[in-house]
Each structure stands twice: as C-alpha cells, then as structure tokens.
Amino acid sequence: MKLNILGCHSATPRTNTNPTSQVLEIKNHMFLIDCGEGTQVQLRRNKIKFSRIKHIFISHLHGDHYFGLIGLVNTFSLLSRETELHIYGPKGLKEVIMLQMKLSKGWTKYPLIFHELTSKHSELIFEDDKVEVHTIPLNHRIYTNGFLFIEKPNDRKLDINAVVEANIDKAYYNKLKQGFDVKNEDGILIDHKKVTWEANPVKSYAFCSDTVYDESIIPLIKNVTVLYHESTFLEKNEALCKETKHSTAKHAATIAKKAEVDTLILGHFSTRYNGYKGFKTEAKAVFNNVLLAKDGISFEF
Ligand SMILES: [Zn+2]
Ligand SMILES: [Zn+2]
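Residues numbered from 1 in each chain as written. Chains lettered and ligands numbered in written order. Predicted model: local features only at pLDDT ≥ 70, side-chain atom pairs only at ≥ 80, totals over all residues. Heavy atoms only, no water.

1. Looking at the coordination of the zinc ion (ligand 2)
At this site the zinc ion (ligand 2) is bound by His60 (NE2), His62 (ND1), His140 (NE2) and Asp210 (OD), with donor distances of 2.1 to 2.4 Å. For the zinc ion (ligand 2), the four donor atoms are set out with angles of 91 to 171 degrees between them, so the coordination reads as irregular. Within one chain, the residues donating to the zinc ion (ligand 2) are spaced in sequence as H-x1-H-x77-H-x69-D. Taken as a pair, the zinc ion (ligand 2) and the zinc ion (ligand 1) show a spacing of 3.5 Å, with Asp210 coordinating each metal. (Donors = N, O, S within 2.8 Å, 3.2 Å for Na, K, Ca; no water. Tetrahedral: all angles 85-135°; square planar, octahedral: opposite > 155°, others 65-115°.)

This is the structure we're talking about:
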C-alpha cells in the first residue's frame, strides 16, 4: 500500500502548496482521493500515469477538494481516453461537472460514471475481489464523507519446495493457499499449514478530511493501519474549529489514540502557518506514531 500526497493544504493553491489530493495505490488500484485545483499538474510532477486512474473519490464540494476535477476529466478526453472513469462524491457533483461540459460542448468519449452519495451512514461504495471502499460520514459545514479502504484477506503463501516434496498436484495449489488441506498423489491428506506460510496481514487506510472533532467515526476506523486526519489548526487557534468545522492536531491525535490506529498522518494544514513542526509536536503529546503529510511525498505501508 502506497500513499502519494499530491496536496495537503486547505483553502487556496499557492506557489509551494496545493489543496487536497492524494493517490492511494492498493492491490493494483490507483484510487484518486479528492481533486483540488492543480491535481493534474501534481499527477504529472509525481509521474503517476493518468490511464491508471479509474476511480475518483470526492469527499465534499468545497473548492479545495474538487476544483481540479473538471480539468482532469477534460484532459482525459484530450488524451483520447477510452477507459471508464468512476467518480464517487456528494449529490450535486454530477450536475456541476455536466453543466461545465455542456456549456463547453466538451463531452467525454469515454464512459463517465457518477456514483452520487447522500447517505448519512457508512456504506459500501466499491468492492472487487481484493478491496472494499466504505464511506466515513464526517461532520463538516456541508455534506462530507471520508473514505475507508480495506484490503480483503490475502491468500497464504505457497512454500514451493514443501509442496513439491509433499508430492501435491499443482491443481491443488490454490486450495492450499486458501487454507484447505488436500490429498497428495499418494492419497495422503496434507495439512495446508505444513506447505504454506501465513498470509500477509490485511492493511487498511482511512481518509478523514474535512471534519470537526467527532468521536462517532471511531468505530468505523478502529485499528486501521493508517489514518489520515485533517489538522487544519493548532490548539492555540482552536476557537476557529467551531465555526469552520475543522480540527486541530491535538484533535486528530486524540481520534487516532482512541481508534487505536497504527499510524496517523496529519494534513489539510491552514496556510496561515509558516512551518508544520508545531503540528507534529502537538499531536505527539497525545499519540506517538505521527507523520506529517507534505506535497509530493509518498508513504509506504
Ligand atoms: Zn478543505
Ligand atoms: Zn471543507
């Protein structure tokens, strides 16, 4: 699992800071999460192939999370894309994008499929044989969802020397990997644990931006491998959280601690601050395993 941070700031784009956008690489998928202004430039800068993006998840309709979407959708057209593009986001997103396309007569030649979200409860919005994606209802000024990406349990790993030694037909290798005992060529039942290794542990990623401090998300993100939680402000500016419905670094760390996650990544920094060390210090006082997002870097888990 690899998380590429394209932008991790709030509000307006600036020379050196980009609004929210990230690409999660999980089980051969490249999921684009939020698409602030300049996302396509950041994708190019980070050498992420446009053609590999087939699913885009938009948290909410504040500009710093989706103003880059029409540009990207249009660029895909100019590049003669034919592959389907699925966009998951709040109701209204389709209307906005379609109106812009209608007025420019810029219809896509590739299938553009919107999955509009309205539920206030967590729901499964994507699933295949390897991954599930659920919404995480957040508490912000407008309708907002975070997203939870969960790998499905991995197969056990085959010990190739052991299966040959045990005289097992190749046709049974998949059964063994799935945890079944099988009979070998001599009719003897072989314990799958003797010829396979433990599967890699299942990983998960929760993206929570934008939101005020809200403990109701904790059961949904319990024990995730990585939590990205917004920390727009420092505690000294906590008064701003109430009206803007954002969180501080301390809030994010408290959620991480209560949800017992492995790693917390802080992001969605207000551009009012010059440096970000204060965010880490503030969060670390509550929860130890804290990383700071930064535009253009990636994390592997
Ligand atoms: Zn925002
Ligand atoms: Zn917002």
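2. Examining the side chain of Thr20
Secondary-structure assignment places Thr20 in the loop between strand 1 (2-7) and strand 2 (21-26). Among residues more than four places away in sequence, those in contact with Thr20 are Gly7, His9, Asp34, Cys35, Gly36, Asp64, His65, Phe207 and His268. (Helix = DSSP H or I, 4+ residues; strand = E, 2+ residues; numbered from the N terminus. Contact = heavy atoms within 4.5 Å.)

3. Here's the deal with the packing of helix 3 (residues 69-78) against helix 4 (residues 93-104)
Across the interface, helix 3 lies against helix 4 with an axial gap of 10 Å and an inter-helix angle of 55 degrees. It follows from the interaxial angle that helix 3 and helix 4 lie oblique. Considering only the axes of helix 3 and helix 4, their crossing is right-handed. Within the contact between the two elements, helix 3 uses Leu69, Ile70 and Val73 and helix 4 uses Leu93, Ile97, Gln100 and Met101. A per-class count over the contact of helix 3 with helix 4 returns six nonpolar, one polar and no charged. (Axes fitted to C-alpha atoms, helices over the stretch in contact; angles between N-to-C directions. Parallel < 35°, antiparallel > 145°, perpendicular 65-115°, else oblique. Left-handed = near helix turned anticlockwise from the far one by under 90°. Nonpolar A, V, L, I, M, F, W, Y, C, P; charged D, E, K, R; others polar.)

4. Here we look at the environment of Asn289
For Asn289, the position within the fold is in the loop between helix 11 (277-284) and strand 17 (290-292). A residue is classified by how much of its surface remains accessible, and Asn289, at 34% relative accessible area, is partly exposed. For Asn289 and Ala253, which are 36 residues apart along the polypeptide, the C-alpha to C-alpha distance reads 9.2 Å. With sequence-adjacent residues up to four places away left out, Asn289 is seen in contact with Asp262, Thr263 and Leu264. Only 2.9 Å separates the side chain of Asn289 from the backbone oxygen of Asp262, close enough to count as a polar contact. (Buried < 20%, exposed > 50% of the residue type's maximum accessible area, 1.4 Å probe, protein only. Polar contact = N/O pair within 3.5 Å; in protein donor to acceptor, adjacent residues only side chain to side chain.)

5. Things to note about the sheet that holds strand 17
In sheet architecture, strand pairing relies on hydrogen bonds along the backbone and comes in two forms, parallel and antiparallel. Strand order in the open sheet formed by seven strands is 7-8-9-14-15-16-17, and the pairing between neighbours is mixed. Single-partner strands in this sheet number two, and they are strand 7 (124-127) and strand 17. If you compare each strand with its neighbour and ignore which way they point, the axes differ by 20 degrees on average. Bridging between strand 14 (residues 204-208) and strand 15 (residues 226-230) involves four bridges; their strand directions are parallel. Bridging across to strand 15, Tyr205 finds its partner in Val226. On top of the sheet, helix 11 reaches strand 16 (263-267) and strand 17; it is set at about 165 degrees to strand 17, its chief contact. (Pairing = 2+ DSSP bridges.)

6. Focus: the sheet that holds strand 4 (residues 53-57)
Taken in spatial order, the seven strands line up as 6-5-4-3-2-1-18 in an open sheet, and their pairing is mixed. Sheet topology places strand 6 (112-117) and strand 18 (298-300) at the edges, where each strand pairs with a single neighbour. This sheet shows a mean twist of 20 degrees between the axes of neighbouring strands, independent of strand direction. Two strands pair when backbone bridges link them, and strand 2 and strand 3 (residues 29-35) are joined in this way by six bridges, in the antiparallel orientation. Residue pairing in the sheet places Val23 in a bridge with Leu32 of strand 3.

7. Quick word on the layout of surface pockets
Taken as a whole, the largest pocket spans an internal volume of roughly 200 Å³. Looking at the largest pocket, it is lined by 14 residues, and the ones nearest its centre are Ser10, Ala11, Asp64, Arg141 and His246. (1 Å grid on protein atoms, 1.4 Å probe; cavity = no way out; pocket = protein on both sides within 12 Å on 5 of 7 lines; lining within 4 Å. Points joined across faces, edges and corners; volume = space filled by probe spheres on them.)

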